[in-house]
Amino acid sequence: MTKTTPYKNALVGLLSLASVLPDGTTASVLPRTQECQRQQYPGPKNPSFETGDLSGWTVVNGTAFGKSSVTTAASSQLGSGPFNQVGKQFLSTNLQDGEAATGTLRSSTFKASSVMSFLIGGNYDPANLYVGLVLEKDGSLLFSQTATNDEALIRIVWDTSAYAGQNVYLVVVDTSTTGHISLDDVRTGCDALKDGPHTFNILGQSNQPTSKNLTALSAASRYAVDPTRPQYHYTPYQGWINDPAGLIQWGGKYHLFNQYNPVAPLWGPMYWSHAESTDAVHWRDLPVALTPPYVNNTQDTSGRYTGSAVKNQDTGALQLIYTDATNVTYHPHAVPEVVSSAVSSDGIHFDLYSGNPIVAEAPPTSSAGFRDPKVFWDPTANNWKMVVGSGDGHTGNVQLYKSTGPSSSELLSWEYVGVLHQGDGSRGIMWECPNFFPIDDKWVLFYGQDKGFKGWYEVGSFNGTTFVSEKLGLFDSGPDSYATQWFVDDAGRNLAVTWINNWNTTKWPSRVNGWAGTQSIMRELFIREDGGLGQKPVEEVSLLASGPAKSLGQTDVFGTYEVGFTDTARLQATVDLAASDAPAFTIELFASGAESTSLVYNFANRSLTIDTMNAGYGQAGTWEATIAKPADNRLSLDILIDRSSIEVFVGDGTAMTVRVFPRYQESKNIRITSDGGKKTVFDDIVLTPMGSAWE
Ligand code: FRU
């Protein structure tokens, strides 16, 4: 049956985040912000600094605050905006006397309402840079919140119901000589949650389940509380992750390790966190696998950088081969990057190899860096080989090693072969995270360009020592993919996980909730019809569905069609290109009256564009990919939507990945619009609700 718009929008309202957590627990751990009307009192004086000065606020100590502390967006001391302040003016702690100045500012006393909120921006430093709420009668600090290392202001909501009616005041504390924070638009009562018809997402560290009730909650429940947190993608509960590492199927289970900093949602001395999965899509956290060597000095960033995992064919052990990075400021005589190993017989506890390092120095053509060893089996020579990311200062390159050791020691003893491949300088001077492997009758090399942070693939041939490239392309055409790692599973599939983030942006809004970094869904790699590297989600992604898929069948879209209301779903759509006569169609995700992310397909030039210019707190931009002309005239899209991430997989193998951080609870609409008053014909539109990746 063909349905044409306007048609009863079958899927709207079916899918929305339940207020009951996945394990059945209800409200006690959730912020009670929906009860905002219970007690409402006026907030502090001059709550949005619109007087242009500190009227109503008192300098408690220090030199950080004075008549220059309040600014409009024009201030160059804060770098470039937009700052997204409310009204014109806001407060920042470095305007009066520079970044080094310290001090404390307090608001007038006000009665706590059930709920309050405010905007915060600036640097992350929970101990030295924060906005706090103080109980006047005993001076105790009830709440505190630091910023994200980005100037754009983010709204924090506090459930102050436990103190409602009591006298409180805000403090702005800056005891840091290297950073600042900004504050704007303090609101109390239901005003704290509402922006016209829209309701702010409940963000802020104090809304995350604390250590007290952490253990009572399943991972799925803990993870469900946070509106910025993907539900079926791997994230750290608190702290930071970057590169996926050590990917392997070992003892039947899939293992994922991550570059990890448990101390803060920022990069730091690198640990390896560890999770396992029986089906490649549901995860269970295991103890940290590797710990940095000098944990007592937080300034010393020496750590265990990215690497790979292999099964030792003789002992059966799980062996990690990784970069030991040493901060030469603290260890001037050390070699900054060497290859080391650690081994585990139970897949949980890892012992560092006593003979580390296993590659003690970089070859001469690696002056710009030498890291991220990836071990692979070379079926053409029947031996283990290893690629290492590198660069000579003019161009990035990939160094090739082969194993020399007999049997069980063969993963510990390596001979340098030479430069496997190098660039022409146009793709950076240092290549990180190289992976090299055969697919079909081709070899694939991919790597990350260190400046600009783009992930590239090249498809070509390998003669045992060097690679000849035949085709070059971006691994992922969105902004948020980097440091991809490949592996082969027991079924012989070429799989990969990419970090759904990138170093390019300072926008990491989930830092207000104590964490940063997401890993992609498990992706299967293949050679595209045009000879490039293609990818699609693994079949097991269907196991993540939390309910039946809703299929609309054949649908002719004229104007705008509302597909559903959800931020945790899979949207699959197939467009009949021949039957459609519109110039373009747009899929809007995370959409409300205030914001949305759009995916625009232009029929004439076959371009697919992601636009986050008005998508909320995340990185604003547009990114475009050209889609191959499908032989059957069908454009198929498989879109994984997960609270703050979007992965788009197109039928030709193109992938586009982007992080999006909506401001409002209403920003969950999924809409399709056909442009130019013409129709876009869908063979089918299927929306599947998705559950949690946490078992
Ligand atoms: C890539 C990278 C790697 C390095 C790791 C450090 O994102 O810079 O080259 O091993 O991150 O965490």
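Please read all numbers here as calculations on a predicted model, not as lab measurements. (Residues numbered from 1 in each chain as written. Predicted model: local features only at pLDDT ≥ 70, side-chain atom pairs only at ≥ 80, totals over all residues. Heavy atoms only, no water.)

Moving on to the side chain of Gln85. When you line up the elements, Gln85 lands in the loop between β3 (70-71) and β4 (90-92). Given the relative accessible area of 17%, Gln85 is considered buried. Of the polar contacts made by the side chain of Gln85, one reaches the backbone oxygen of Lys88; its length is 3.0 Å. Not counting residues within four places of it along the chain, the set of residues in contact with Gln85 comprises Thr72, Ala73, Phe90, Leu153 and Asp184. (Helix = DSSP H or I, 4+ residues; strand = E, 2+ residues; numbered from the N terminus. Buried < 20%, exposed > 50% of the residue type's maximum accessible area, 1.4 Å probe, protein only. Polar contact = N/O pair within 3.5 Å; in protein donor to acceptor, adjacent residues only side chain to side chain. Contact = heavy atoms within 4.5 Å.)

On to the site of the ligand, then. Contacts to the ligand come from 14 residues, most closely from Asp243, Gln259, Arg371, Asp372 and Glu432. One of the side-chain N or O atoms of Asn242 is found 3.1 Å from an oxygen atom in the ligand. Between the ligand and the protein, one listed contact pairs an oxygen atom with a side-chain N or O atom of Glu432 at 2.9 Å. Bound to the protein, the ligand loses 95% of the 320 Å² it would expose on its own. (Near = heavy atom within 4 Å. Areas by Shrake-Rupley, 256 points an atom, 1.4 Å probe, with all protein chains shown as cover.)

What follows covers the environment of Thr484. Relative to the assigned elements, Thr484 resides in strand β31 (residues 482-488). With a relative accessible area of 8%, Thr484 lands in the buried category. Sequence-wise, Thr484 and Asp243 are 241 residues apart; in three dimensions their C-alpha atoms are separated by 7.2 Å. Here Thr498 takes part through its side chain, which lies 2.8 Å from a polar atom of the side chain of Thr484.

The pairing of strand β2 (residues 58-62) with strand β5 (residues 103-106) spans 4 bridges and is classified as antiparallel. If you follow Val59 over to β5, its bridge partner there is Leu105. Judged from the 4 bridges that link them, β5 and strand β11 (residues 167-174) form a sheet pairing that is antiparallel. Across the sheet, residue Thr104 finds its bridge partner in β11, namely Val173. (Pairing = 2+ DSSP bridges.)

Taken as a whole and judged by the stated rule, the model has 6 cavities of 30 Å³ or more. Taken together, Tyr232, His233, Tyr234, Leu256, Ala280, Val281, Trp283, Val497, Gln519, Ser520, Ile521 and Met522 make up the lining of the largest cavity. Here the residues of the lining of the largest cavity sort into 9 nonpolar, 3 polar and no charged. (1 Å grid on protein atoms, 1.4 Å probe; cavity = no way out; pocket = protein on both sides within 12 Å on 5 of 7 lines; lining within 4 Å. Points joined across faces, edges and corners; volume = space filled by probe spheres on them. Nonpolar A, V, L, I, M, F, W, Y, C, P; charged D, E, K, R; others polar.)

Another point: the nonpolar core. Counting 38 residues, the largest nonpolar core has Leu571, Phe585, Ile587, Leu589, Leu608, Ile639 and Val648 as its most contacted members. For Val648, the contacting residues outside a window of four places in its chain are Leu599, Leu608, Ile610, Leu637, Asp638, Ile639, Thr654, Ala655 and Met656. Phe65, Phe143, Val172 and Val186 belong to the second largest nonpolar core, which has 34 residues in total. (Core = buried A, V, L, I, M, F, W, Y, C linked by side-chain atoms within 4.5 Å.)

Moving on to the sheet that holds strand β27 (residues 431-439). Read across the open sheet, the 4 strands follow the order β27-β28-β29-β30; overall the sheet is antiparallel. On the outer flanks of this sheet lie β27 and β30 (467-474), each paired with one strand and no other. Averaged over all adjacent pairs, the angle separating strand axes in this sheet is 25°, with direction ignored. Bridge count between β27 and strand β28 (residues 442-449): 7 bridges; the pairing is antiparallel. Within β28, the residue paired with Phe436 across the bridge is Leu445. (Axes fitted to C-alpha atoms, helices over the stretch in contact; angles between N-to-C directions.)

Turning next to the packing of aromatic side chains. Per the counting criterion, the structure on display carries 38 aromatic pairs. Aromatic side chains Phe437 and Phe446 sit 5.7 Å apart centroid to centroid with 80° between the ring planes, which places their arrangement in the edge-to-face category. The class of Phe437 is buried, set by a relative accessible area of 0%. In this structure, Arg229 packs its charged tip against the face of Tyr223, placed 4.3 Å from the ring centre. Residue placement shows Lys536 over the ring face of Phe526; its charged tip is 5.6 Å from the ring centre. (Phe/Tyr/Trp six-rings, centres within 6.5 Å; stacked < 30°, edge-to-face > 60°. Lys NZ or Arg CZ within 6 Å of the ring centre and 35° of its normal.)

Secondary-structure assignment places Trp283 in the loop between β17 (271-277) and β18 (284-290). Trp283 sits in the buried class, given a relative accessible area of 6%. For the pair Trp283 and Tyr234, spaced 49 residues apart in sequence, the C-alpha to C-alpha distance is 7.3 Å. Every residue in contact with Trp283, bar those within four places of it in the chain, is listed here: Tyr234, Tyr254, Leu256, Ala275, Glu276, Ser277, Met522, Ala693, Trp694 and Glu695.

Moving on to the domain arrangement of the protein. Split by domain assignment, the protein resolves into domain 1 (18-199), domain 2 (308-541) and domain 3 (545-689). For domain 1 versus domain 3, the separation of C-alpha centres amounts to 36 Å. At the interface, 9 residues of domain 1 touch 8 residues of domain 3. In total, domain 1 and domain 3 occlude about 680 Å² of area from one another, counting both sides; carbon and sulfur atoms represent 49% of this. Inspection of the region where domain 1 meets domain 3 yields 0 salt bridges. (Domains from an automatic or database assignment. Buried area = accessible area lost by both parts, 1.4 Å probe. Salt bridge = Lys/Arg side-chain N within 4 Å of Asp/Glu carboxyl O.)

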